[in-house]
Amino acid sequence: MSATAPSADLAAAQLAAIDASGWGHRVRIFQPRNLCSWLFLYYLVLGAIATFRFFRSEFEAVQTAFVIGSILFAIYTIPWIFFLRHVDRWSSIPTKLLVAGAAWGGLTATLFIALPANGALLSIYSKVFGTAWAADWAPAFTAPINEEWGKGIGVLLL
């Protein structure tokens, strides 16, 4: 047996694994026959509704500041996105996937999952450890649990 036979077998196995993983294939966010796709869409809509309900009452009072802040944030963010996409050439994530993940993180994970869960957990912390401890430490212990798990759910669904 030659010395190149095992490396050829390993290379063939590696190519077969890459092909089976779907690496390099086109990303389809909406897949009608995939339950995860429907769950992602359903919870994204619920997140958008929660966001609308959360900001609806105060929007008229801060409408000008919101528009100016959104424009300034876009001016700040868009160059960063181009820079990060340029720097990360070898493991680039498709744009559709980035947009879907950002929508999940901004709408669903933040205002549909984390906001109600944070309120409940803060209440539990104040009852168990006292209000002084809860005022000082509860946000630091609450955010990693609720917010990061909410984002992780979106990653799993994507």
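Described below are features of the structure shown in this document.

For the chain, the count of helices and strands is five helices and zero strands. In sequence order, the chain lays out its α and β elements as α-α-α-α-α. Here the C-alpha radius of gyration of the chain, 22 Å, is well above what a compact globule of 158 residues would show, namely 15 Å. Each of the three principal axes of the chain carries a C-alpha extent, and together these read 75 × 40 × 35 Å. For the chain, buried positions account for 15% of its 158 residues.

Taking 1.5 Å of rise per residue, the 35 residues of helix α4 (residues 95-129) would be expected to cover 51 Å, yet its terminal C-alpha atoms sit only 44 Å apart, more than 12% below that figure. At Ala114, α4 is deflected by roughly 45°, the largest bend along its length, and proline Pro116 occurs up to four residues later in sequence. For α4, every residue scored as buried is listed here: Ala100, Trp104, Gly105, Thr108, Ala109, Leu111, Ala114, Asn118, Leu121 and Tyr125.

Conventions adopted
Numbering of residues starts from 1 in every chain and runs along the sequence as written. Confidence filtering applies because this is a predicted model: local features only for residues at pLDDT of at least 70, side-chain atom pairs given and counted only at 80 or more, and all residues used for totals across whole chains, interfaces and linings. With hydrogens and water excluded, all non-hydrogen atoms of the structure serve as input to the side-chain values. Starting at the N terminus, helices and strands are each numbered in turn, a helix being any DSSP run of H or I of at least four residues and a strand any DSSP run of E of at least two. We take the radius of gyration over the C-alpha atoms and set the globule estimate at 2.2 Å times the residue count to the 0.38 power. Three exposure classes are used, based on accessible area relative to the maximum for each residue type with a 1.4 Å probe and protein chains only: buried under 20%, partly exposed in between, and exposed over 50%. Working rule for helices: expected span equals 1.5 Å times residues minus one. The bend reported for a residue corresponds to the angle between axes fitted to the seven residues ending at that residue and the seven starting there.

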